[in-house]
Amino acid sequence: MKLAGLKSVENAHDESIWAVDWVPATDRRPALLLTGALDETVRLWRPDELSREGTPLGGHCLGVVSVAAHPSGAIAASASLDSFVRVFDVDSGATIATLEAPPSEVWGMRFDPKGNTLAVAGGGSASIKLWETSTWQLITTLNVPRPEATRPSDKSVVGKFVLSVAWSPDGKRLACGSVDGTVSIFDVARAKFLHHLEGHYMPVRSLVFSPSDPRVLFTASDDGHIHIYDSEGKSLIGAMSGHSSWVLCVDVSPDGAAVATGSSDRTVRLWDLSMRAAAQTMTNHSDQVWGVAFRPLGGAGVRSGRLASVSDDKSISLYDYS
């Protein structure tokens with residue numbers, strides 16, 4: 001796999017862009033790029049020319065820190081520093097539901113593969129909240145326990161601030177990353193904590209399961225490393241490094257063969273998993289890269305893959321690969 005720069009849009013938002021996801025294609029339209037920024041808006045973009053689709057979507061009174069698209073492509077959600085999650089209709093922009101949380105308890109979020117549940121990283125609550133997507137009622141709260149080595153008086157427990165979440169492709173496992181570097185794994189059906197994955201020592205802001213193996217989990221950390229875990233066996237099976245600063249985001253290609261990362265070193269890197277090494281470095285951005293996202297498979301007339309990245313420099317970059 002090799003990336004080729006396709007298009008960049010400067011000043012795509014009025015402030016730093018912190019969130020990106022792809023809205024899957026529907027029968028009526030292609031996949032769309034979804035971005036969220038500190039300017040309190042969410043925007044949609046056409047996949048090839050990066051032209052804006054519709055008007056900017058508001059509804060938040062502070063910056064947007066996360067966006068997530070439903071697998072149907074019909075709805076999406078945005079999470080903000082205002083502690084609200086706004087669920088909206090992609091085509092009309094109409095608000096479907098508004099989910100409220102206490103301050104600092106809304107961060108990363110993801111829909112499960114079937115679209116029945118929205119998982120929201122609970123920040124300072126040290127938990128993940130699961131919302132049912134037909135009624136938008138809270139199903140349960142999964143609490144992240146202290147690592148066994150800590151004592152009740154240990155101040156490091158304060159660092160159990162949950163930033164990121166990821167679903168396994170079969171929907172059976174949920175992983176979350178915390179400020180202290182801990183990754184926690186849950187059995188979703190039983191709403192039960194299984195174990196911690198250790199190895200990082202700084203915040204894990206992003207993580208994603210392999211689409212080709214539900215056991216394999218990729219994590220990105222401020223410690224500069226990308227880890228590859230066997231999430232069931234509780235083992236670290238690989239590590240990749242090369243960024244010169246924090247690794248802020250990670251995504252895996254639809255075929256599971258490559259990983260893309262973004263960093264505060266201003267670069268996007270493509271990693272060849274067969275070699276477990278960086279295959280390419282892209283330098284389109286002039287500031288921290290907060291989000292990378294591979295376009296999912298599907299959609300009429302789609303002949304090649306797409307990767308998007310977003311940055312503090314307010315720009316979006318789109319890359320082609322085949």
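Residues numbered from 1 in each chain as written. Predicted model: local features only at pLDDT ≥ 70, side-chain atom pairs only at ≥ 80, totals over all residues. Heavy atoms only, no water.

An unreviewed UniProt entry lists the chain under the name Anaphase-promoting complex subunit 4, from Acorus calamus.

A. Expanded view of the UniProt feature "repeat: WD" (unreviewed entry) in the chain. As recorded in UniProt, the sites labelled "repeat: WD" (unreviewed entry) are residues 10-45, 57-98, 162-196, 197-230 and 240-281. Span residues 57-98 is 0% helix and 55% strand, its end C-alpha atoms 14 Å apart. Helix makes up 0% of residues 240-281 and strand 57%, whereas the separation of the span's terminal C-alpha atoms amounts to 14 Å. (UniProt positions renumbered as here; feature names shortened; annotations may be inferred. Helix = DSSP H or I, 4+ residues; strand = E, 2+ residues; numbered from the N terminus.)

B. Representation of the nonpolar core within the structure. Membership of the largest hydrophobic core comes to 33 residues, with the highest contact counts inside it found for Val85, Met109, Leu118, Ile128, Trp136 and Leu174. The contact partners of Trp136, leaving out residues within four places of it in the chain, are Ile75, Val87, Ile96, Ala97, Leu99, Phe111, Leu118 and Trp131. Counting 15 residues, the second-largest nonpolar core is a separate cluster that includes Trp22, Ala37, Trp45 and Leu318. (Core = buried A, V, L, I, M, F, W, Y, C linked by side-chain atoms within 4.5 Å. Buried < 20%, exposed > 50% of the residue type's maximum accessible area, 1.4 Å probe, protein only. Contact = heavy atoms within 4.5 Å.)

C. Molecular detail of the pairing of strand β16 (residues 183-187). Counting buried positions along β16 gives five out of five residues, so the element sits mostly inside the fold. On β16, burial covers both faces: Val183, Ile185 and Asp187 on one face and Ser184 and Phe186 on the other are all buried. Bridging between strand β15 (residues 173-178) and β16 involves five bridges; their strand directions are antiparallel. Opposite Leu174, over in β16, you have Phe186 as the bridge partner. Hairpin connection from β15 to β16: four residues lie between these consecutive antiparallel strands, with Gly181 at a positive phi of about 95°. (Pairing = 2+ DSSP bridges.)

D. Looking closely at the sheet that holds strand β7 (residues 75-80). Within the open sheet, the four strands sit side by side as β6-β7-β8-β9. Their pairing is antiparallel. Each of the sheet's edge strands pairs with one partner strand only, and the pair in question is β6 (64-69) and β9 (95-100). Between one strand axis and the next, the sheet turns by 15° as a mean value, whatever way the strands run. One ladder, built from five bridges, connects β6 with β7; its direction is antiparallel. Residue Ala69 lies in a different strand from β7, and its bridge partner there is Ala76. (Axes fitted to C-alpha atoms, helices over the stretch in contact; angles between N-to-C directions.)

E. Region of interest: the pairing of strand β11 (residues 117-121). With respect to burial, β11 is a largely interior element, five of its five residues being buried. Because side chains alternate across β11, one face comprises the buried residues Thr117, Ala119 and Ala121, and the other comprises Leu118 and Val120, equally buried. Relative to β11, strand β10 (residues 109-111) runs antiparallel, the two sharing three bridges. What sits directly across from Met109, in β11, is Val120. Count of turn residues in the β10/β11 antiparallel hairpin: five residues, of which Gly115 carries a positive phi of about 85°. Connecting β11 to the antiparallel partner strand β12 (residues 127-132) that follows it, the hairpin turn spans five residues, and Gly123 within it adopts a positive phi of roughly 50°.

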